[in-house]
Amino acid sequence: MFTLELFFLNEEGAKVKVSVDDPRADLTQVEIEEAMDTIIAANVFTSKGGNFVTKDSARIVERNVTEYEIA
């Protein structure tokens, strides 16, 4: 399972994260940056510290889960 984590700075300068589960596997850095610009321009998210005002960073996180049956 992969998660795309997008980090923005809000009006107070605090870092805010938006997570996207199971992003497309072939995303490029340019596409991620363009999506982040669109999010900021559309002003669709807000946070405790205000609106998102700038991009900070992004990363793909991979999580492996192993389940065990316990009798």
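In the block above lies the structure referred to throughout.
As a starting point, this report considers the structure included with it. Because the structure is predicted, anything quoted here is derived from the model rather than measured. (Residues numbered from 1 in each chain as written. Predicted model: local features only at pLDDT ≥ 70, side-chain atom pairs only at ≥ 80, totals over all residues. Heavy atoms only, no water.)

Phi at Asp-22 takes a positive value of approximately 50°, unusual for a residue other than glycine. Along the chain, Asp-22 falls in the loop between β2 (15-21) and α1 (29-42). Backbone geometry at Asn-43 places phi at a positive 55°, although glycine is not the residue there. In this fold, Asn-43 is placed in the loop between α1 and β3 (46-47). Overall, the relative accessible area of 43% leaves Asn-43 in the partly exposed class. (Helix = DSSP H or I, 4+ residues; strand = E, 2+ residues; numbered from the N terminus. Buried < 20%, exposed > 50% of the residue type's maximum accessible area, 1.4 Å probe, protein only.)

Our next topic: the pairing of β2. As judged from the 7 bridges shared by strand β1 (residues 2-10) and β2, these two strands associate in the antiparallel manner. Each residue of the ladder has a partner; that of Phe-8, found in β2, is Val-16. Between β1 and the antiparallel strand that follows it, β2, lie 4 residues; Gly-13 among them carries a positive phi value of about 85°. (Pairing = 2+ DSSP bridges.)

Sheet architecture is open: 4 strands sit in the order β2-β1-β4-β3, paired in antiparallel fashion. Each edge of the open sheet is held by one strand with a lone partner, namely β2 and β3. The sheet strands contacting α1 are β1 and β4 (50-62), and the helix crosses β4 at an angle near 150°. (Contact = heavy atoms within 4.5 Å. Axes fitted to C-alpha atoms, helices over the stretch in contact; angles between N-to-C directions.)

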